Amino acid sequence: MKRGSKIVKWGAKWIWQIVALLLLACTFFPEFVQVAYTKLLFKWGAMGLRIITGWIPFSIGEYLYLFLLIILIYNILLSLYKLKYQIKSPIFTSNTWYKVSKKGSIIFVIFELIWGLNYQQITPAKEFNLEVPKTYTERQMDSMSISLINQLNITRSTISDSQLKSVKGDSLIKQTLHHYGAISEQYSFLSYSYPNVKWAQLPRLGDYIGYLAFYHPITGEAIVRADLPILTLPFTISHEIAHQLGYASETEANFIAYVVALNSKDPLFEYAMQLQLFTYSQEAQLFMIAKSGNFKKWEAVVKRNKALLSPKVLSDRKLIRDFFISRQNQRLPGSEKLYDQFLIWNKQANGINSYNDVLLWALAYQKKSA
């Protein structure tokens, strides 16, 4: 009896560390994670959060993050203050290690259960019946860029300037929901109920931290900056809804946004997607050319692409580019590196460049559809 009670006492003391190890073990079984967590626990939990916070007319996620940031800073300062008076005593005692491991385990467990395990599930390649290549060639990116230039010119010719100027953000959210509803008839796993997409209350904060939109796993909200160029919004909103459905990887969320736009038969959504993919494909090609040191070819490709794009497409791209250029010096030092490292820790080896990996998925999808 005494032995049993000691085991229970020991288990209660180390419960957070034990749960953390069990969750860590789950990462070796991505199929199990997808079935037990993403498709079950996360799906229903996220839906519940969307119901709870969806009735609130404004996003609360940003304020919650600010509150948590203040708490974090307070605790760091408090710890430093305590350390000042404990500097003469042994710092790394067994009790100290226990406290550190417990706090670390609590943070890890909470993060994994509300969101993080989604990074560990299998990719949606099987659901879409795709064979996604590991790499792409410079020739493939050149071919994709040319194809996208043609698509951009054609699609833009069907959108009048007055139509573009009349587009409102709220209507884009409604259109995105409609397109998700339509594509869920073909891919049932993209069914999206109890929508909860809101405009950011503190969009300028995104200039300092470096975000355009984000999914808040504590509130279930997809929060999007309304000050973004209108032509970036269809793709961005679709991307964030993909996160709400459990696609944690930025590559996969981009791919879902790509598929939604491609199947929408909506010129505005198709055009916004084509603009995004062209940026990715051109950057990928130019990066590979630059690595080879052939800068004459680099200049020739840029010159050729500009000559092929219609004046209206060039104008739209300039508007988007100017928006980001005007804000690039406002970002807090280290914020981009921190996010890059966060993505790497969560199975996105290319970090921030993982967004560009949607090109591999686009190649696979186009091959299947051909």
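Cut-offs applied
Residues numbered from 1 in each chain as written. Predicted model: local features only at pLDDT ≥ 70, side-chain atom pairs only at ≥ 80, totals over all residues. Heavy atoms only, no water. Helix = DSSP H or I, 4+ residues; strand = E, 2+ residues; numbered from the N terminus. Buried < 20%, exposed > 50% of the residue type's maximum accessible area, 1.4 Å probe, protein only. Contact = heavy atoms within 4.5 Å. Areas by Shrake-Rupley, 256 points an atom, 1.4 Å probe, with all protein chains shown as cover. Phe/Tyr/Trp six-rings, centres within 6.5 Å; stacked < 30°, edge-to-face > 60°. Salt bridge = Lys/Arg side-chain N within 4 Å of Asp/Glu carboxyl O. Expected span 1.5 Å × (residues − 1). Polar contact = N/O pair within 3.5 Å; in protein donor to acceptor, adjacent residues only side chain to side chain. Pairing = 2+ DSSP bridges. pLDDT = per-residue confidence, 0-100. Axes fitted to C-alpha atoms, helices over the stretch in contact; angles between N-to-C directions. Parallel < 35°, antiparallel > 145°, perpendicular 65-115°, else oblique. Left-handed = near helix turned anticlockwise from the far one by under 90°. Nonpolar A, V, L, I, M, F, W, Y, C, P; charged D, E, K, R; others polar. Core = buried A, V, L, I, M, F, W, Y, C linked by side-chain atoms within 4.5 Å.

Focus: the overall build of the protein chain
- Along the protein chain, the regular secondary structure elements total 16 helices and 3 strands.
- Out of the 370 residues belonging to the protein chain, those deemed buried represent 42%.
- Partitioning the intrachain contacts of the protein chain with sequence separation of at least 6 by distance along the chain shows that 80% fall at a separation of at least 24.
- Looking at the protein chain as shown, the accessible area adds up to about 21,100 Å², and 65% of this sits on carbon and sulfur atoms.

Quick word on the side chain of His216
- Topologically, His216 is positioned in strand E2 (residues 213–216).
- Judged by its relative accessible area of 0%, His216 falls in the buried class.
- For His216, the contacting residues outside a window of four places in its chain are Gly61, Glu62, Leu64, Tyr65, Glu221 and Ile223.

Thoughts on the packing of aromatic side chains
- Within the structure shown, the criterion is met by 18 aromatic pairs.
- Ring geometry for Phe255 and Trp361: centres 5.1 Å apart, planes at 45 degrees, overall tilted. Taken together, the residues span a long stretch of sequence, with Phe255 in helix H11 (residues 250–262) and Trp361 in helix H16 (residues 358–369) at a distance of 106 residues.
- Residue Phe255 is classed as buried on the basis of its relative accessible area, which comes to 0%.
- Classification of Trp361 by relative accessible area gives buried; the value is 7%.

Details of the pattern of salt bridges
- On inspection of all chains with the given rule, the structure shows 12 salt bridges.
- Through salt bridges with shared partners, a single ionic network connects Arg204, Asp207, Arg225, Asp227 and Arg327.

Describing H11
- The terminal C-alpha atoms of H11 lie 18 Å apart, and with 13 residues this matches the ideal 18 Å at 1.5 Å per residue to within 8%.
- Among the 13 residues in H11, 12 count as buried, and that is most of the element.
- Among the residues of H11, those classed as buried are Glu250, Thr251, Glu252, Ala253, Asn254, Phe255, Ile256, Ala257, Tyr258, Val259, Val260 and Ala261.
- Near the N-terminus of H11, the side chain that reaches the backbone nitrogen of Thr251, with its oxygen 3.2 Å away, is that of Ser249.

Considering the pairing of E2
- Residues Ala213 and Tyr215 of E2 are buried on one face, and the alternating residues Phe214 and His216, pointing to the opposite face, are buried as well.
- Here E2 pairs with strand E3 (residues 221–224) via 4 bridges, running antiparallel. Considered in E3, the bridge of Tyr215 is made with Ala222.
- Between the end of E2 and the start of E3, which pair antiparallel, lie 4 residues, with Gly220 showing a positive phi angle near 80 degrees.

Brief notes about the environment of Ser184
- Inspection of the secondary structure assignment puts Ser184 in the loop between helix H8 (169–183) and strand E1 (197–199).
- Linking Ser184 and Val260, residues 76 residues apart in sequence, is a C-alpha distance of 9.4 Å.
- Apart from residues no more than four positions distant in its own chain, Ser184 is found in contact with Leu190 and Ser191.

Considering the confidence of the model for the protein chain
- Looking at the protein chain, pLDDT values average 88 and 86% of them are 70 or higher.
- Here residues 339–343 is a poorly scored stretch, pLDDT under 50, and it has 13 contacts once near neighbours within four places are set aside; other chains count.

A closer look at the side chain of Lys198
- The residue Lys198 is located in strand E1 in this model.
- Here the side chain of Lys198 touches Phe58 through a polar contact of 3.2 Å, landing on its backbone oxygen.
- Within the structure, the side chain of Lys198 is placed 2.9 Å from the side chain of Glu221, a separation counted as a polar contact.
- In contact with Lys198, not counting residues within four places along its chain, are Thr53, Gly54, Ile56, Phe58, Ser59, Glu221, Ala222, Ile223 and Val224.

Concerning the packing of H11 against H16
- Where H11 contacts H16, the two axes come as close as 9 Å, and the packing angle between them is 40 degrees. Put simply, H11 runs oblique to H16. Here H11 runs over H16; the crossing is right-handed. For the pair H11 and H16, the contacting residues are Thr251, Glu252, Asn254, Phe255, Tyr258, Val259 and Leu262 in the first and Val358, Trp361, Ala362, Tyr365 and Gln366 in the second.
- In terms of residue class, the contact of H11 with H16 is built from 8 nonpolar, 3 polar and 1 charged.

Examining the nonpolar core
- Core analysis: the largest hydrophobic core is formed by 61 residues, its most contacted members being Phe128, Ile237, Phe255, Ile256, Tyr258 and Leu277.
- Among the elements that line this core, the one with the most residues is helix H12 (residues 267–292), at 9 residues.
- Not counting chain neighbours up to four residues away, the residues in contact with Tyr258 comprise Phe235, Met273, Leu277, Ala362, Tyr365 and Gln366.
- Counting residues in hydrophobic clusters, the runner-up holds 13 residues, among them Tyr37, Trp115, Tyr215 and Ala248.

A look at the sheet that holds E1
- A sheet is described by the order of its strands in space; here 3 strands give the open sequence E1-E3-E2, paired in mixed fashion. Two strands lie at the open edges of the sheet, namely E1 and E2, each paired on one side alone. With strand direction ignored, the average angle separating the axes of adjacent strands in the sheet is 25 degrees.

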